[in-house]
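Residue-level listing of the chains:
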Amino acid sequence: MDARTPQPVIGGGEAGDETQQLRERLEQAESRLLQLEKMAAVGQIAAGVAHEINNPVGFISSNLGSLKTYMERVFAVIAAYEKMEAALPPEHPTRVEMADVRAEVEFDYLRQDIPDLLTESLDGLARVKEIINDLKDFSRVDDGQRQEADLHRGLESTLNVIRNEIKYKAEVIREFGDLPLVNCVPAQINQVFMNLLSNAAQAIETMGRITLRTGADEDWAWVEVSDTGKGIPPEVQARIFEPFFTTKPVGKGTGLGLSISRDIVERHGGKLEVSSTVGQGATFRMVLPVAGLPEKGG
């Protein structure tokens, strides 16, 4: 064997163990950074898409509102003609012709259906506006700046963003307490909410419940996400926040969601904990300092 060929460190030796541990930490840090960069990129894209959609939705909504008003005026004119028609003898050619046209175009049905269609369309656009606003709130690009945030609003916007992922799996029950505004980076905390809510939905095999509880004391605010899923065995609970640890099939999960969530919470000076009984679901509890992290040196 060529003496110049580097020899791998095998097994024993403190130096070899330390080198291997350092490599693993570097790999974990790189993967976490990559995942955080992806999350930031997705947030920027989502915010941009929401902004672009908002403009056409605005003028469509305005146009439909005007159209509804115009149709009401048209029907008022038609009602006046109907009074004139009623004054004609039943056998009058004009009255007969108008009756034939009304029957041919199914006017009585149109008069009922057109307002209903316009109302439903306006309601649908209002829902789109709500989703856009929630998406902008969820993915707010704030350059990591801390601000006073309403955690209840963050939960609601996140629920709207992942509505389709949850609505076929669970009924969402809110047991909200009084929460003060919390000093945090809202987009990052919303990412934690998304991970916890997605995991809760995935833990439920058929239709179940996801319960959101909140509360606070003078210095701390807390949020709990509980599900009625299959629960988490003790040996999994012990490793659930480890980077790359996942019980999902290969290709179905990175094992970074909960690890990154805990990192986010801890960077805010808080903690993220789990409690579970197999067969009875799981509860994740996030606790955050209301005032945020103390000033350095304070």
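Conventions used here
- Residues numbered from 1 in each chain as written.
- Predicted model: local features only at pLDDT ≥ 70, side-chain atom pairs only at ≥ 80, totals over all residues.
- Heavy atoms only, no water.
- Helix = DSSP H or I, 4+ residues; strand = E, 2+ residues; numbered from the N terminus.
- Contact = heavy atoms within 4.5 Å.
- Areas by Shrake-Rupley, 256 points an atom, 1.4 Å probe, with all protein chains shown as cover.
- Pairing = 2+ DSSP bridges.
- Axes fitted to C-alpha atoms, helices over the stretch in contact; angles between N-to-C directions.
- Buried < 20%, exposed > 50% of the residue type's maximum accessible area, 1.4 Å probe, protein only.
- Salt bridge = Lys/Arg side-chain N within 4 Å of Asp/Glu carboxyl O.

S.K.: Now, about the overall build of the protein chain: what can you tell me, with residues and values included?
M.R.: For the protein chain, the helix and strand inventory stands at 8 helices and 7 strands. A sequence separation of at least 24 residues applies to 74% of the contacts in the protein chain between residues at least 6 apart. Per element, the accessible surface of the protein chain, about 18500 Å² overall, is 55% carbon and sulfur.

S.K.: Break down the sheet that holds strand E2 (residues 170-175) for me, citing the residues and quoting the values.
M.R.: Pairing in this open sheet of 5 strands is mixed, and the strands run E2-E4-E5-E7-E6 from one edge to the other. Looking at the sheet topology across the chains shown, the edges are occupied by E2 and strand E6 (271-276). Averaged over all adjacent pairs, the angle separating strand axes in this sheet is 15°, with direction ignored. Summarising the sheet, E6 and strand E7 (residues 282-289) pair through 6 bridges and their orientation is antiparallel. Of the residues in E7, the one forming a bridge with glutamate 273 is arginine 285. Contacts between helix H6 (residues 186-203) and the sheet are confined to strand E4 (208-216), strand E5 (220-227), E6 and E7, with E5 contributing the most and set at about 25° to the helix.

S.K.: So what's going on with unusual backbone geometry? Which residues, and what values?
M.R.: Phi is positive for glutamate 106, which is not a glycine, with a value near 55°. With respect to the helices and strands, glutamate 106 occurs in the loop between helix H2 (93-105) and helix H3 (107-138). Using a relative accessible area of 52% as the deciding quantity, one classes glutamate 106 as exposed.

S.K.: So what's going on with the pattern of salt bridges? Which residues, and what values?
M.R.: Under the counting rule described, the total for this entry stands at 10 salt bridges. Residues arginine 285 and glutamate 224 are paired through a salt bridge, measuring 2.7 Å at the closest nitrogen-oxygen approach. One end of the pair, arginine 285, is in strand E7; the other, glutamate 224, is in strand E5, and 61 residues separate them in sequence. For arginine 285, a relative accessible area of 27% translates into the label partly exposed. On the accessibility criterion, glutamate 224 (14% relative accessible area) is buried. Connected via shared salt-bridge partners are Glu82, Glu85, Arg102, Asp108 and Arg111.

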